[in-house]
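The lines below spell out each chain.
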Amino acid sequence: MTEQRVSYTLDSTLETVDNAEQTASRIAAEAGFDEDSVMQIAMAVREAAVNAVLHGNAYDPGKKVKVDFENTGRDLVITIRDQGKGLDLAKLPDPLAAENLLKTSGRGIFLIRSFMDEVEISPSQTGTEIKLVKHVHGEAAGGKEASQ
Amino acid sequence: MSMKCSTRQVDGVTIVDCSGRITLGEGSITLRDTVRDLLAKGQKKILLNLADVNYIDSSGIGELVSAFTTVRNQGGDLKLLNLTKKVHDLLQITKLYTVFDVKDEEAAGVRAFS
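Here's a quick rundown of the structure. (Residues numbered from 1 in each chain as written. Chains lettered and ligands numbered in written order. Predicted model: local features only at pLDDT ≥ 70, side-chain atom pairs only at ≥ 80, totals over all residues.)

Once that is clear, we can look at the overall build of chain A. The number of helices and strands found in chain A is three helices and five strands. Listed N to C, the secondary structure of chain A is β-α-α-β-β-α-β-β in terms of helices and strands. Over its C-alpha atoms chain A spans a radius of gyration of 15 Å, differing by no more than 12% from the 15 Å that the globule rule assigns to 148 residues. Residues counted as buried form 39% of the 148 residues belonging to chain A. In chain A, once contacts between residues fewer than 6 apart in sequence are set aside, the share between residues at least 24 apart is 71%. (Helix = DSSP H or I, 4+ residues; strand = E, 2+ residues; numbered from the N terminus. Rg over C-alpha atoms; globule rule 2.2 N^0.38 Å. Buried ≥ 20, exposed ≤ 12 C-beta atoms within 10 Å, placed from the backbone. Contact = placed C-beta atoms within 7 Å.)

Right, dumping it as structure tokens:
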């Protein structure tokens, strides 16, 4: 298995969200994940990128989103970092609570946690870093070097 | 791939055939505008056909909830038709499957409004 790491620095735009999702989908497929897992990884990355662009950087053109993909051979590790004010984890509502079911937002982090094996969220005053880990099960192939 | 909605009338029910992705941005806006236009025209019985919607993100889920509550608040009803497995699974894990009235056959969906 070829270990690989690739990093992107992206603008705070909706295109970044789409790019991050598409890149995640490609890298996950190359890492040997099945179709359902690829979809889950891509969706988790999309949700994390949405948080970074919207809630973190608030579309500020002066702020960037950094996305790292690392295939360790055992895991696919994706780190997404924004330059916002830092997510307040204590204020995250439980989207499954009866009083929140009909809310129109607040499900992104929940979906990320549902789809990934490990999730670490590290907020700070200079931004939020979210680390997503999906274990590579079975026989996974080391993919080609990603580029952009 | 962008989102597309087209509407048709069956026995007083407006069926909205959606295709593409309901995601943050264009997809969510297309759905929002379609539902608002229908309500403005007094068409308050809405059956959202999601057979060709293969992807919804959390923003899209929020848009479905918003459409549902907006229609209900105006005295109408919005039901879902023909969920793909991916959308079905998403509504299950977010506990919204029991909130929406979900049908898998168009005639039954139309009858459910009467």
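All names here are of chain A. Residues of strand 2 (residues 64–71) alternate between two faces, with Val65, Val67, Phe69 and Asn71 buried on one and Lys64, Lys66, Asp68 and Glu70 left unburied on the opposite face. Relative to strand 2, strand 1 (residues 4–11) is paired through eight bridges, and the arrangement is antiparallel. Among the inter-strand pairings, Val6 is bridged to a residue of strand 2, identified as Phe69. (Pairing = 2+ DSSP bridges.)

Residue and element names in this part refer to chain B. Position of Gln43 among the secondary structure elements: in the loop between helix 1 (26–40) and strand 3 (45–56). Put simply, Gln43 and His88 are 45 residues apart on the chain and 26 Å apart in space, counted from C-alpha to C-alpha. With near-sequence residues (within four places) excluded, Gln43 lies in contact with Thr14 and Leu38.

This brings us to the packing of helix 1 of chain B against helix 2 (residues 58–73) of chain B. Residues and elements named next belong to chain B. Interhelical geometry of helix 1 versus helix 2 gives an angle of 10° and a closest axis separation of 9 Å. As summarised for this structure, helix 1 and helix 2 are arranged roughly parallel, according to the angle between their axes. From helix 1, Gly27, Ser28, Leu31, Arg32, Val35 and Leu39 reach across to helix 2, where they touch Ser59, Gly60, Glu63, Ser66, Ala67, Thr70 and Val71. Residue composition of the contact of helix 1 with helix 2, by class: five nonpolar, six polar and two charged. (Axes fitted to C-alpha atoms, helices over the stretch in contact; angles between N-to-C directions. Parallel < 35°, antiparallel > 145°, perpendicular 65-115°, else oblique. Nonpolar A, V, L, I, M, F, W, Y, C, P; charged D, E, K, R; others polar.)

With that settled, consider the interface of chain B and chain A. Facing 16 residues of chain B, the contacting portion of chain A comprises 17 residues. Secondary-structure elements contributing two or more residues to the side of chain B that touches chain A are helix 2 and helix 3 (85–93) of chain B. Considering each element in turn, the side of chain B that touches chain A owes the most residues, seven residues, to helix 2 of chain B. Of the residues assigned to the side of chain B that touches chain A, the class counts are six nonpolar, seven polar and three charged.

Residues and elements named next belong to chain A. The five strands lie next to each other as 1-2-3-5-4, forming an open sheet whose pairing is antiparallel. Looking at strand neighbours, the two that pair on one side only are strand 1 and strand 4 (118–124), the edges of this open sheet. The sheet shows a mean angle of 10° between the axes of neighbouring strands, direction not considered. Where strand 2 lies against strand 3 (residues 75–81), six bridges are found, and the strand directions are antiparallel. Pairing of Asn71 across the sheet is with Leu76, part of strand 3.

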